[in-house]
Amino acid sequence: FHFSYGFLLLLLHIVRAVIALEEKIIVSKLGDNATLSCIYQGRQLHLKNLRVYWQIADDQEECSVVHALISGQDNESEQCIHFKNRTQLFWDRLENGDFSLLLLNVSQSDEHTYKCVVLQKTEYTKVIHQAEVILSLAASYSQPILSGPIKNSDSTGEEVTFSCRSGNGYPEPNVYWINKTDNSHLPPSELKITPHADGTYSVFSTLTVKATSNMQIECSIENKILQENLSANYTQQKQSNSSSTESHKNLEKNGRGAQAAGIISIVILIGLLAVLTCWLWRRRSSKLVSY
């Protein structure tokens, strides 16, 4: 009896551990619809014998019910006001064990760990499946705008300042200044991240460095959740000016060469015409003498 009871407890612990293993992270953009996955791989089910609960797992507030399905029908009596008219189950998939939830028009306040619990009632009610889904929200930042360099009039040395700005992103970004000549990271002189009413952020940063004849500066805005990295670059214009000047010199040199070749060709042509004229005149003169 003790062996059987201990074995039963161990089995129950294993079953709970297996059930709890299904945990997914969903990344959704602000304002989009997110599908929270909850799929039971068992046999075909009868909806009248099921209860399905979606709830907030990481929230200790009084209201945590996101969606409830009881005996094949949606039950809104305990649903949180925040989720009213914003949740849907996929009715054509329920009997096949797909209890995924569609959450409409997601916002920052929807960032939670959600728990799906499926109960089946036969002789007694038992949990046959549960899953957890972590919903992370994000929004892409705009292409950064890099300005500068601006000379600092109050600095003792030859220092210049660059500025970089971007916006409409979520969550807070990482901002990097990079010296592209050796790919070293430069500490920003200023970094300001501003939240907005719609939940997104804008970012403004400046960099002050010593001016050199070969400056190559990059500002990079990283959104870790979306794995996006947007950048703007500045390259010292002297390099491009020197190369264009060199190209201009080459074009001028080539033009002069072509002009000289044209003159030589004309001189050779005139010479050939003179020789031909002289030969014709001599031939005509010899014919007159013999006559």
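Worth saying up front: this structure is predicted, and the values here are computed from it rather than measured.

Student: Lay out the overall build of the chain in plain terms, naming residues and giving numbers.
Tutor: Broken down by element type, the chain carries 2 helices and 17 strands. Considering the chain as a whole, with its 291 residues, one finds that 33% of them fall into the buried category. In the chain, the share of contacts with a sequence separation of at least 24, taken over all contacts with a separation of at least 6, comes to 59%. If you sum the accessible surface of the chain, you get close to 19300 Å²; carbon and sulfur atoms cover 55% of it.

Student: Which residues make up the state of the cysteines, and what values do they have?
Tutor: Overall, the coordinates contain 3 disulfides when judged by the stated rule. Between the sulfur atoms of C38 and its disulfide partner C116 the distance amounts to 2.1 Å. Between C38 and C116 the sulfur-sulfur dihedral comes to about -65°; the bridge is accordingly left-handed. Taken together, the positions of C38 in the loop between β2 (34–36) and β3 (50–56) and C116 in strand β8 (residues 113–121) put the pair 78 residues apart, joining distant regions of the chain. For C116, a relative accessible area of 0% gives the class buried. The partner cysteine of C63 in its disulfide is C80, sulfur to sulfur 2.0 Å. Handedness of the C63-C80 disulfide follows from its S-S torsion of about -120°: it is left-handed. With C63 in the loop between β3 and β4 (65–70) and C80 in the loop between β5 (73–74) and β6 (87–89), this residue pair connects regions lying 17 residues apart in the sequence. Residue classification places C80 among the buried positions, given a relative accessible area of 6%. Looking at the chain, its bonded cysteines, counted consecutively from the start of the sequence, adopt the pairing 1-4, 2-3, 5-6.

The rules behind the values
- Residues numbered from 1 in each chain as written.
- Predicted model: local features only at pLDDT ≥ 70, side-chain atom pairs only at ≥ 80, totals over all residues.
- Heavy atoms only, no water.
- Helix = DSSP H or I, 4+ residues; strand = E, 2+ residues; numbered from the N terminus.
- Buried < 20%, exposed > 50% of the residue type's maximum accessible area, 1.4 Å probe, protein only.
- Contact = heavy atoms within 4.5 Å.
- Areas by Shrake-Rupley, 256 points an atom, 1.4 Å probe, with all protein chains shown as cover.
- Disulfide = S-S within 2.5 Å.

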